[in-house]
Amino acid sequence: MPHSPEEKKKVLARVRRIRGQCDALERALEAGADCGPVLQQIAAIRGAVNGLMSEVMEAHLREEFGQPAQSEAQRSARVAEMSGLIRSYLK
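Residues numbered from 1 in each chain as written. Predicted model: local features only at pLDDT ≥ 70, side-chain atom pairs only at ≥ 80, totals over all residues. Heavy atoms only, no water.

An unreviewed UniProt entry annotates the chain as Regulator originating from Stenotrophomonas daejeonensis.

Now the structure itself:
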């Protein structure tokens, strides 16, 4: 999770943009919009969510791996956690 005020502000701005995109998608679906624009909006939302995930994951990597592990067990736990996050991201 981004902890600096600047990173937090950027992430929250991304979330708000994604919320706006989702609201626009909902309005388009309710209005019976054509499939093309709806699919473009869905792709834009997916791209925005991927960007958000990338930014938060990068902050997490800096936080977790920016300092040396205190033990081999801690290092292994960090790697296992990050591997799980990456696996879930790539699904």
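Now, onward.
K.L.:
Describe the overall build of the chain, naming the residues involved and giving the relevant values.
P.N.:
Each helix and strand counted, the chain has 3 helices and 0 strands in total. Along the chain, helices (α) and strands (β) appear in the sequence α-α-α when read from the amino end. By the compact-globule yardstick of 12 Å for 91 residues, the chain is too spread out, its C-alpha radius of gyration being 18 Å. If one aligns the C-alpha atoms of the chain with their principal axes, the spans along those axes are about 55 × 30 × 15 Å. Residues classed as buried in the chain amount to 18% of the 91 residues present. For the chain, restricting intrachain contacts to residue pairs at least 6 apart in sequence, the fraction spanning at least 24 positions comes to 56%. (Helix = DSSP H or I, 4+ residues; strand = E, 2+ residues; numbered from the N terminus. Rg over C-alpha atoms; globule rule 2.2 N^0.38 Å. Buried < 20%, exposed > 50% of the residue type's maximum accessible area, 1.4 Å probe, protein only. Contact = heavy atoms within 4.5 Å.)

K.L.:
Quick one: what's the story with the environment of S71, residue by residue and with numbers?
P.N.:
For S71, the position within the fold is in the loop between α2 (35–65) and α3 (72–90). Polar side-chain contacts of S71 include one of 3.1 Å to the backbone nitrogen of Q74. (Polar contact = N/O pair within 3.5 Å; in protein donor to acceptor, adjacent residues only side chain to side chain.)

K.L.:
Please provide a residue-by-residue account of the pattern of salt bridges, values included.
P.N.:
Applying the stated criterion across every chain, the model contains 5 salt bridges. Here E7 and R62 are joined by a salt bridge, their closest N and O atoms 2.2 Å apart. Placement of the pair is E7 in helix α1 (residues 5–31) and R62 in helix α2, with a sequence separation of 55 residues. Judged by relative accessible area, which is 24%, E7 ranks as partly exposed. Residue R62 is classed as partly exposed on the basis of its relative accessible area, which comes to 41%. (Salt bridge = Lys/Arg side-chain N within 4 Å of Asp/Glu carboxyl O.)

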